[in-house]
Every structure is written in structure tokens, then in C-alpha cells.
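Summary of the model geometry
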Amino acid sequence: MAQSIPHDRPEQLKQIQSGLMPGEQIIAVYDAIGAGTGFLGLTNQRVIVQDKSFIGKKIAITSIPYSKITSVSVVSNKSWAGSFFSSGSIALNVGTHVYEVEFRGDEKSHHVHNVILHFIAKS
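Residues numbered from 1 in each chain as written. Predicted model: local features only at pLDDT ≥ 70, side-chain atom pairs only at ≥ 80, totals over all residues. Heavy atoms only, no water.

**Considering the side chain of Lys108**
Worth spelling out the cut-off: Segments assigned H or I by DSSP are reported as helices when at least four residues long, segments assigned E as strands when at least two residues long, and all are numbered from the N terminus. Note on contacts: a residue pair is in contact if any heavy atoms of the two residues lie within 4.5 Å.
For Lys108, the location among the structural elements is in helix 2 (residues 106-122). In contact with Lys108, not counting residues within four places along its chain, are Asp8, Tyr30 and Phe103.

Shown next, in the form of C-alpha cells:
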């Protein structure tokens, strides 16, 4: 089953799997780059963000129900070196807070954006 779920690191997938609610299914788990964020997970019920930016090496796992997301943006950053070095990020607006997550390769940011948009358009 794990092979059919798009993911970058098996340990991140396992961490998401260990915290699933009954009936919840994982859509994808992507490693994030840049300061603060460890990974982003998508399920059929919520977005899960691992935040490593806390003082004292503390890590937070934040669950964001799709119904609380007011908008999602995707930003591609194609580098002059070509798509091999490209990155993309998404921004999630949840109330007054904005979660920004950057990924290696802009196809991941587009996938995350499209999944989130699908779920927030339904609510």
C-alpha cells in the first residue's frame, strides 16, 4: 500500500500513518525545504504540516482541516539553471495565519495545490 502513496521519505509517511483517524486516507507526503518546515502531508480530511521552527529543537505537527483553509496559492521558482534546480511553494491561508511550504520541484507544489483546492472547493 505504501508504494502507491506519493512520498519522499518513508519515515515521514510512517509518521503520518501513525496519527490517522478512523476512515482517513493518505493522499501524499512531501518533504519540504527551507527553514522551519519538515514535511507536508495530505489526507482526505486534512493537511498536516510538520514545523521545526520552534526554539529548543521542538517540533510541532499541525493538522489543518480543509474547511478552515480560506485560500491556497502556488508559487513556482524556476531557476536559471533549468528545471532540475527548480522549486515551488504553496501558501495556505488559515484565519489570519499563512503557512508557507517549499518543495523540491514545482510539480509537487502544483499537486499539493490541486488537492487542497479540490477539497476546499467542496466545503
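**Some remarks on the packing of aromatic side chains**
Defined as follows: Any two of the Phe, Tyr and Trp rings considered here, Trp counted by its six-membered ring, make a pair once their centres fall within 6.5 Å; the pair's planes then place it as stacked at under 30 degrees, edge-to-face at over 60, or tilted in between. Categorising residues by exposure relies on relative accessible area from a 1.4 Å probe, with only protein chains included: less than 20% of the type maximum marks a residue as buried, more than 50% marks it as exposed, and the intermediate range marks it as partly exposed.
Tallied over the entire structure, the rule returns 2 aromatic pairs. Where Tyr30 meets Phe103, the ring centres are 6.1 Å apart and the plane angle is 75 degrees; that geometry is what we call edge-to-face. Placement of Tyr30 in strand 1 (residues 26-31) and of Phe103 in strand 7 (residues 97-104) is noted, with a sequence separation of 73 residues between them. As far as burial versus exposure is concerned, Tyr30 and Phe103 are alike and both buried.

**A few points about the pattern of salt bridges**
So the rule is basically this: Salt bridges are identified by distance alone: a Lys or Arg side-chain nitrogen within 4 Å of an Asp or Glu carboxyl oxygen.
Tallied over the full model, the rule gives 4 salt bridges. When the shortest N-O distance is used, the salt bridge between Glu24 and Arg46 registers 2.6 Å. Note that Glu24 is positioned in the loop between helix 1 (10-18) and strand 1 and Arg46 in strand 3 (residues 46-51), a separation of 22 residues in sequence. An identical accessibility class is assigned to Glu24 and Arg46; each is buried. Beyond isolated ion pairs, a larger network of salt bridges with shared partners links Arg9, Asp31 and Arg104.

**Description of the nonpolar core**
The line we're drawing: The definition of a nonpolar core used throughout is a set of buried Ala, Val, Leu, Ile, Met, Phe, Trp, Tyr and Cys residues joined through side-chain atoms within 4.5 Å.
If you look at the biggest cluster of nonpolar residues, it comprises 22 residues, and the most contacted ones within it are Leu40, Val47, Tyr66, Ile69, Leu92 and Ile116. Within the residue set of this core, elements represented by two or more residues are strand 1, strand 2 (37-43), strand 3, strand 5 (69-79), strand 6 (82-94), strand 7 and helix 2. Among the elements that take part in this core, helix 2 stands out by supplying 5 residues, more than any other. Discounting chain neighbours no more than four positions away, the residues touching Ile116 are Leu42, Val47, Tyr66, Ile69, Val72, Ile90 and Leu92. Leu13, Ile16, Phe39 and Ile48 belong to the second largest nonpolar core, which has 7 residues in total.

**A look at helix 1**
To keep it simple, the criterion reads: This arc is built from the directions going out from the helix axis to the C-beta atoms.
Every buried residue belonging to helix 1 is among Gln12, Leu13 and Ile16, and all of these are buried. All buried residues of helix 1 fall inside an arc of 100 degrees around its axis, so they share one side. Exposed residues on helix 1 whose side chains face more than 90 degrees from its buried face are Lys14 and Ser18.

**Let's talk about the side chain of His113**
Put simply, the rule reads: N or O atoms within 3.5 Å of each other form a polar contact, as long as, within protein, one can give a hydrogen and the other can take it, and as long as residues adjacent in sequence are counted only when both atoms are side-chain atoms.
Within the fold, His113 resides in helix 2. In this structure His113 comes out as buried when scored by relative accessible area, which is 14%. In this structure the side chain of His113 is engaged in a polar contact, spanning 3.2 Å, whose partner is the side chain of Asn114. Leave out the neighbours within four places in its chain, and His113 touches Val72, Ser73, Val74 and Ile90.

**Examining the environment of Lys14**
Along the polypeptide, Lys14 turns up in helix 1. Along the primary structure Lys14 and Val29 are separated by 15 residues, whereas in three dimensions their C-alpha atoms are 9.8 Å apart.

**Comments concerning the environment of Lys108**
Overall, the relative accessible area of 18% leaves Lys108 in the buried class. Along the primary structure Lys108 and Gly88 are separated by 20 residues, whereas in three dimensions their C-alpha atoms are 7.4 Å apart.

That is the geometry; function is a separate question.
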